[in-house]
Amino acid sequence: MSETIFRGGTILTIDPAHRVLAGDVACVDGAIVHVGGAYTPTTSDYQIVDCAGCIVMPGLVQAHVHTCQTLARGRADDMELLDWLRTVIWPYEAALDAEAAAASAELACAELLLGGTTAILDMGTVHHTDAIFDAADRSGIRATIGKAMMDADDPQIPKGLRESTAASLDESAKLVARWHDTPRSQGRLRYAYAPRFVLSCTDELLREVGVQARAKGVRIHTHASENHGEVALVRERFGKDNIVVLDELGLLGEHTCIAHCIHLTEVEKRLLAERGAHVCHCPSSNLKLASGICPVPELIAAGVAMAIGADGAPCNNNLDGFLELRLAALLHKHRVGPRALPAPEVVRLATLGGAAALGLADRIGSLELGKRGDLIAVDITALHSIPTGSPWSAIAYAAKACDVRHVAVDGKVVVRDRRLLTLDVEQVRSHAGKAANRLFP
């Protein structure tokens, strides 16, 4: 039995009462056993992590990222979505080999952990998903990962990304068996079916994804209603809107997380709420691609479950969860009013909201007894954070990724005093640079 005590911080529990406490958070064998006040170790096998001057809180949970795209950072700026995909991202993904995919994922996971993100919902590319899982495993992050599914007969999709319906489903089933909550994954790694979006998939594939995801008890992760051009093409093909199509093909449910959802009809908003589907708000990506702004306050008012994510490095260009949290808090105030998404609400979206989108709200997302020890200590002694009138305000409006001092996943310290313990950062940097030079000579 091993104990880890995060000592002496201000604690944002994100529990139902939104309690703010002082003192210690203790984990035994990865589970939280104590929150607030002083904790006395019960064995000689313990470590104490000094959190003085820090806010101790659940780790950020990003419900939409593409770790496989990180090597294309800065290669696809100032473009709109469909051109961005067709001219840069899809050719880049088609050129990835297993080594480059691993280098990209390791780089992303290192950045995410050092910035306080402890769990992700990740969409890979069509191939090399095992390499992405291996990289996530080495990093110590909690990850739900899916291979991108693309079986549409579209000449604008590179040959290296086109696959048959049978091959796409067969490879996904093998990945479920290898990685989804298996002993090998130690409870940290899970699988999600990831049809890229309805335009990249046949009706047959989408219907079967809906059936298999329910049968196997895994998540569905996709994109929808991100861009006006995309919405128009969906209407041209189906005579219906994105969310209606997903629902009629059997993909909507509490196990579904859809990125973006910017351009929605009232019917689509009601469908999302009625089916219990989750929407991931990606503010930086949506702004940079000029896609628009997801109507988050309206979706919350309609009863839609919301989460936050950075998306991929080529459309962001970083994976800073605190930046996304701050943008989510600010973007809607000019239109809805200053009380739109107050600090406690947006911090909850970035933690427990993301946990729910991953189907893990019973395990992570708040600091409560029995949950897993996924937590971070955020230094609030920097000049940009003092004085700290409210810990909620400090996290929502002032904190930066570089303020993260300690990070734990499953009670295991993976970042201590801003140093990543699971991966060699210099080696990660070197591998990423070499792989990027091969892809972009």
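Residues numbered from 1 in each chain as written. Predicted model: local features only at pLDDT ≥ 70, side-chain atom pairs only at ≥ 80, totals over all residues. Heavy atoms only, no water.

Enquirer: Tell me what's going on with the overall build of the chain, and back it up with residues and numbers.
Expert: Secondary structure assignment for the chain yields 15 helices and 18 strands. The globule rule puts the C-alpha radius of gyration for 441 residues at 22 Å, and the 21 Å found for the chain is close to it. The dimensions of the chain, computed from C-alpha atoms along their principal axes, are 60 × 45 × 40 Å. Considering the chain as a whole, with its 441 residues, one finds that 61% of them fall into the buried category. Sequence-distant contacts in the chain: of pairs separated by 6 or more residues, those separated by 24 or more amount to 73%. Of the charged side chains in the chain, 44 are positive and 53 negative, and the gap between their average positions amounts to 2 Å. (Helix = DSSP H or I, 4+ residues; strand = E, 2+ residues; numbered from the N terminus. Rg over C-alpha atoms; globule rule 2.2 N^0.38 Å. Buried < 20%, exposed > 50% of the residue type's maximum accessible area, 1.4 Å probe, protein only. Contact = heavy atoms within 4.5 Å. Lys, Arg positive; Asp, Glu negative; His and termini not counted. Charge placed at Lys NZ, Arg CZ, Asp CG, Glu CD.)

Enquirer: Explain the environment of alanine 329 to me, and be specific about the residues and the numbers.
Expert: By the secondary structure assignment, alanine 329 is in helix 11 (residues 321-330). The class for alanine 329 is buried, based on a relative accessible area of 0%. Apart from residues no more than four positions distant in its own chain, alanine 329 is found in contact with Ala340, Leu341, Val346 and Tyr397.

Enquirer: Provide a residue-level description of empty space enclosed by the protein, including the pertinent values.
Expert: Inspection of the entire model under this criterion finds 2 cavities of 30 Å³ or more. In this structure, the largest cavity encloses a volume near 100 Å³. Around the largest cavity sit His64, His66, Gln69, Leu81, Trp84, Leu85, Arg196, Phe197, His223, Glu226, His260 and Asp311, which together line it. Take the lining of the largest cavity: its biggest share by element is 3 residues, from helix 1 (residues 81-95). Across the lining of the largest cavity, the residue classes tally to 4 nonpolar, 5 polar and 3 charged. Taken as a whole, the second largest cavity encloses approximately 40 Å³ of empty space. For the second largest cavity, the full set of lining residues is Leu60, Val61, Gln62, Ile308, Gly309, Gly321 and Ala350. (1 Å grid on protein atoms, 1.4 Å probe; cavity = no way out; pocket = protein on both sides within 12 Å on 5 of 7 lines; lining within 4 Å. Points joined across faces, edges and corners; volume = space filled by probe spheres on them. Nonpolar A, V, L, I, M, F, W, Y, C, P; charged D, E, K, R; others polar.)

Enquirer: Which residues make up unusual backbone geometry, and what values do they have?
Expert: In the segment running from asparagine 316 into asparagine 317, the intervening peptide bond is cis, with an omega of 10°. Residue position: asparagine 317 is located in the loop between strand 14 (305-308) and helix 11. For the peptide bond that leads from isoleucine 386 to proline 387, omega is -5°, which places it in the cis range. You can see proline 387 is positioned in the loop between strand 15 (375-379) and helix 14 (391-398). The phi angle at cysteine 261 is positive, at roughly 50°, despite the residue not being glycine. Here cysteine 261 shows up in the loop between strand 12 (256-260) and helix 8 (266-275).

Enquirer: How would you explain the nonpolar core if you had to name every residue and give the values?
Expert: Across soluble globular proteins, nonpolar side chains show a tendency to be buried alongside one another. Counting residues in each nonpolar core, the largest one holds 133 residues, and the members touching the most others are Met57, Tyr193, Ile243, Leu272, Val347 and Ile395. Counting residues per element, this core draws most heavily on helix 2 (residues 98-114), which supplies 9 residues. Residue contacts for tyrosine 193: discarding those within four places in its chain leaves Met149, Ser172, Ala173, Val176, Val209, Gln212, Ala213, Lys216, Val218, Arg219, Ile220 and His221. (Core = buried A, V, L, I, M, F, W, Y, C linked by side-chain atoms within 4.5 Å.)

Enquirer: So, helix 2: which residues are in play, and what are the values?
Expert: Owing to its 3.6 residues per turn, the α-helix brings residues three or four apart onto one side. Here helix 2 spans 24 Å end to end across 17 residues, near enough to the 24 Å set by a 1.5 Å rise per residue. Helix 2 sits mainly inside the fold: 12 of its 17 residues count as buried. Looking at helix 2, one finds that the buried residues are Ala100, Ala101, Ala102, Ala103, Ser104, Ala105, Glu106, Ala108, Cys109, Ala110, Leu112 and Leu113. Immediately downstream of helix 2, the backbone of glycine 116 shows phi near 95°, a positive value. (Expected span 1.5 Å × (residues − 1).)

Enquirer: So, the side chain of glutamine 212: which residues are in play, and what are the values?
Expert: Relative to the assigned elements, glutamine 212 resides in helix 5 (residues 203-216). According to the relative accessible area criterion, glutamine 212 is buried, its value standing at 17%. Setting aside residues up to four positions removed in sequence, glutamine 212 forms contacts with Leu169 and Tyr193.

Enquirer: Report on the layout of surface pockets, specifying residues and quantitative values.
Expert: Estimated volume of the largest pocket: approximately 200 Å³. Lining of the largest pocket is provided by Arg86, Trp90, Ala152, Asp153, Asp154, Phe197, Leu199, Ser200, Leu233, Glu236 and Arg237. Mapped by element, the contributors of at least two residues to the lining of the largest pocket are helix 1 and helix 6 (228-238). A per-element tally of the lining of the largest pocket places helix 6 first, with 3 residues. Partitioning the lining of the largest pocket into residue classes produces 5 nonpolar, 1 polar and 5 charged.

Read these as spatial facts, not as claims about activity.
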